[in-house]
Amino acid sequence: MLINCVAYQNGRKLSDIPVADISETVTRPECFVWVALLDPSREELDEMAGEFGLHPLAVEDARKGHQRPKIEEYDESLFVAMHTIEASPERSEEPLSVGELDIFVGTNYVLAVRHRTAKGFAEVRARCEREPELLRHGSGFVLYALMDTVVDRYFPILDAAESELEKVEEEIFMRNAARSNIEALYALKRKLMVLKHAVDPLMEATGKLYGGRVPHVCNGVQEYFRDIYDHLHRIHATIDGIREMLATAIQVNLGMISLAENEVTKKLAAWAAIIAVPTMVAGIYGMNFRHMPELDWTYGYGIAIAMMALADAYLYVRFKKARWL
């Protein structure tokens, strides 16, 4: 559906305009139109393509709404696809909700199309309208503001991942927590991969907006896109750092599982040895041979029991000192 359709001139808002007036408005000097759509139908997107004169390949990509993050140039216009990442609602099977923001940018227009994104960009429009001097740069600055907001929304997801890792690290040395720790670590690894798939392709594409041959719509605002690239590079480096810590945490957790298994094995071996001594003595004297020494002793039974008890006590003390029990 259509969220808003607004015309701007010289960095200031003129008015909301009907969709039918877009093609006329974008021909005015120093004027551009900013349109926002949410999960548009095929007819709505086709209507916008007709008003703005959008490239059919870019329109097809936006219609599908499942694009890899990228920036493509078509003549004097740009098509930008970005992944929006939000925390999933409760009881959701996926840890993160991934949406998409497709942006068509021309000299005199910006068309932002949201797919599967709960949080909108009303604050971006309000921020731009509060800064008319920057909004004078036109559609290039609006593109920066939208991209910057999407990238800034990655940071809380990354901070939450770091907090989760710290929490799991505190529980690694707790007893009977190995299985839950492994599950938590792999869930965190999945979150990082979702974020990495959103950041890495976008970082590569953003580098084209401030270095080398800069697209026409980005002239005058290259330093802003360099700032976005720096943010993406920071996120990329942090993700790699957390992934290395994750790998270490998983190895430590598996090591703790091995240690726990060794402790159990040692205890079983110790108790088996303690039980083996009386079993051996009882087995010897239970062999029903007619001629065996000690069978006629008056105190033979008591001596055998005492011998078993002393041997088991000796073994118990030695295993306790060796920390096998």
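Residues numbered from 1 in each chain as written. Predicted model: local features only at pLDDT ≥ 70, side-chain atom pairs only at ≥ 80, totals over all residues. Heavy atoms only, no water.

## Structural notes on the pairing of strand 3 (residues 31–38)
Which entries qualify depends on this criterion: Under the scheme applied here, a residue whose accessible area is under 20% of the maximum for its type counts as buried, over 50% as exposed, and between as partly exposed, the area being computed with a 1.4 Å probe on protein chains only. Here a helix means four or more residues in a row that DSSP labels H or I, a strand means two or more in a row labelled E, and each is numbered from the N terminus.
With 8 of 8 residues buried, strand 3 lies mostly within the body of the structure. Taking every second residue as pointing to the same face, both faces of strand 3 are buried, with Cys 31, Val 33, Val 35 and Leu 37 on one and Phe 32, Trp 34, Ala 36 and Leu 38 on the other.

## Regarding the packing of aromatic side chains
Keep this limit in mind: Here is the rule: rings of Phe, Tyr and Trp (six-membered ring for Trp) pair when centre to centre is within 6.5 Å. Planes less than 30 degrees apart are stacked, more than 60 are edge-to-face, and the remainder are tilted. When the NZ atom of lysine or the CZ atom of arginine is within 6 Å of a ring's centre and also within 35 degrees of its normal, the charge is said to sit over that ring.
Taken as a whole and judged by the stated rule, the model has 11 aromatic pairs. Cluster of aromatic residues (ring-pair linked, three or more members): Phe 141, Tyr 144, Tyr 224 and Phe 225. A cation over an aromatic ring shows up here: Arg 125 above the ring of Trp 34, its NZ or CZ 4.2 Å from the ring centre. Across the ring face of Phe 121, the terminal group of Arg 153 is positioned such that the distance to the ring centre comes to 4.5 Å.

## Quick look at the sheet that holds strand 3
Formally: Two strands form a pair only when DSSP identifies at least two bridges running between them. For helices, the axis comes from a line fit to the C-alpha atoms of the stretch in contact; other axes are also lines fit to C-alpha atoms, and the angle between any two N-to-C directions lies between 0 and 180 degrees. Throughout, a contact is declared for two residues whenever any of their heavy atoms are within 4.5 Å.
Taken together, 7 strands build an open sheet; the order of strands is 2-1-3-7-6-5-4 and the sheet is mixed. Lying at the two open borders of the sheet, with one neighbouring strand each, are strand 2 (12–16) and strand 4 (70–74). If you compare each strand with its neighbour and ignore which way they point, the axes differ by 20 degrees on average. Note that strand 5 (residues 77–87) and strand 6 (residues 96–106) share 10 bridges and pair antiparallel. Bridging from a neighbouring strand, Val 80 pairs with Ile 103 of strand 6. Where helix 2 (residues 42–52) meets the sheet, its contacts fall on strand 1 (2–9), strand 3 and strand 7 (109–115), and the angle it forms with strand 3 comes to roughly 170 degrees.

## Some remarks on helix 10 (residues 300–321)
Counted only if it meets this: Expected span of a helix, by definition, is 1.5 Å for each gap between consecutive residues, and there is one gap fewer than residues. As used here, the arc is the angular range of directions from the helix axis to the C-beta atoms.
Helix length check: helix 10, at 22 residues, gives a terminal C-alpha distance of 32 Å against a target of 32 Å (1.5 Å per residue), a fit within 8%. Inspection of helix 10 places Gly 300, Ala 304, Met 308, Asp 312, Leu 315 and Phe 319 among the buried residues, and these make up the whole buried set. Seen along its axis, helix 10 keeps its buried residues to an arc of 100 degrees; they face one direction. Every exposed residue of helix 10 that faces more than 90 degrees away from the buried side is listed here: Leu 310, Tyr 314 and Lys 321. Buried positions along helix 10 lie against helix 9 (222–284). Trailing helix 10 by a residue or two, Arg 323 shows a phi angle of about 65 degrees, which is positive.

## Observations regarding the pattern of salt bridges
Note the following rule: Definition used for salt bridges: Asp or Glu carboxyl oxygen within 4 Å of a side-chain nitrogen of Lys or Arg.
Under the counting rule described, the total for this entry stands at 10 salt bridges. Note that Lys 70 is salt-bridged to Asp 61, the shortest N-O span being 2.9 Å. Here Lys 70 and Asp 61 have matching classes, each one buried. Glu 123 is the partner of Arg 153 in a salt bridge, and the nearest nitrogen-oxygen pair spans 2.5 Å. In this pair, Arg 153 is assigned in the loop between helix 6 (139–152) and helix 7 (154–171) and Glu 123 in helix 4 (residues 122–129), connecting sequence segments 30 residues apart.

## Points about the environment of Ala 62
Along the chain, Ala 62 falls in helix 3 (residues 56–64). Along the backbone, Ala 62 and Lys 13 are 49 residues apart, and their C-alpha atoms lie at a distance of 27 Å.

## Quick word on helix 8 (residues 178–206)
In plain terms, the rule: A residue's bend is given by the angle between axes fitted to the 7 residues ending at it and the 7 residues starting at it.
If you check helix 8, its first and last C-alpha atoms are 41 Å apart, about what 29 residues at 1.5 Å a residue would give, namely 42 Å. The largest bend along helix 8 measures about 25 degrees and falls at Lys 196.

## A few points about the environment of Leu 246
In this fold, Leu 246 is placed in helix 9. Under the relative-accessibility criterion, Leu 246 is labelled buried at 2%. Sequence separation between Leu 246 and Val 264 is 18 residues; the distance between their C-alpha atoms is 27 Å. Ignoring anything within four residues of it in the chain, the contact list for Leu 246 reads Leu 165, Leu 185, Leu 188, Lys 189 and Leu 192.

## Notes on unusual backbone geometry
Positioned with a positive phi, Asn 10 is a non-glycine residue whose angle comes to about 55 degrees. Relative to the helices and strands, Asn 10 is located in the loop between strand 1 and strand 2. Positive phi values are uncommon outside glycine, yet Asp 75 reaches one of about 55 degrees. The exposure class assigned to Asp 75 is exposed, which follows from its relative accessible area of 69%.

## With respect to the pairing of strand 1
In this sheet, strand 3 lies alongside strand 1 in antiparallel orientation, the contact comprising 7 bridges. If you follow Asn 4 over to strand 3, its bridge partner there is Ala 36. In terms of strand pairing, strand 1 meets strand 2 through 4 bridges, oriented antiparallel. Its bridge partner being in strand 2, Ala 7 is matched across the sheet by Ser 15.

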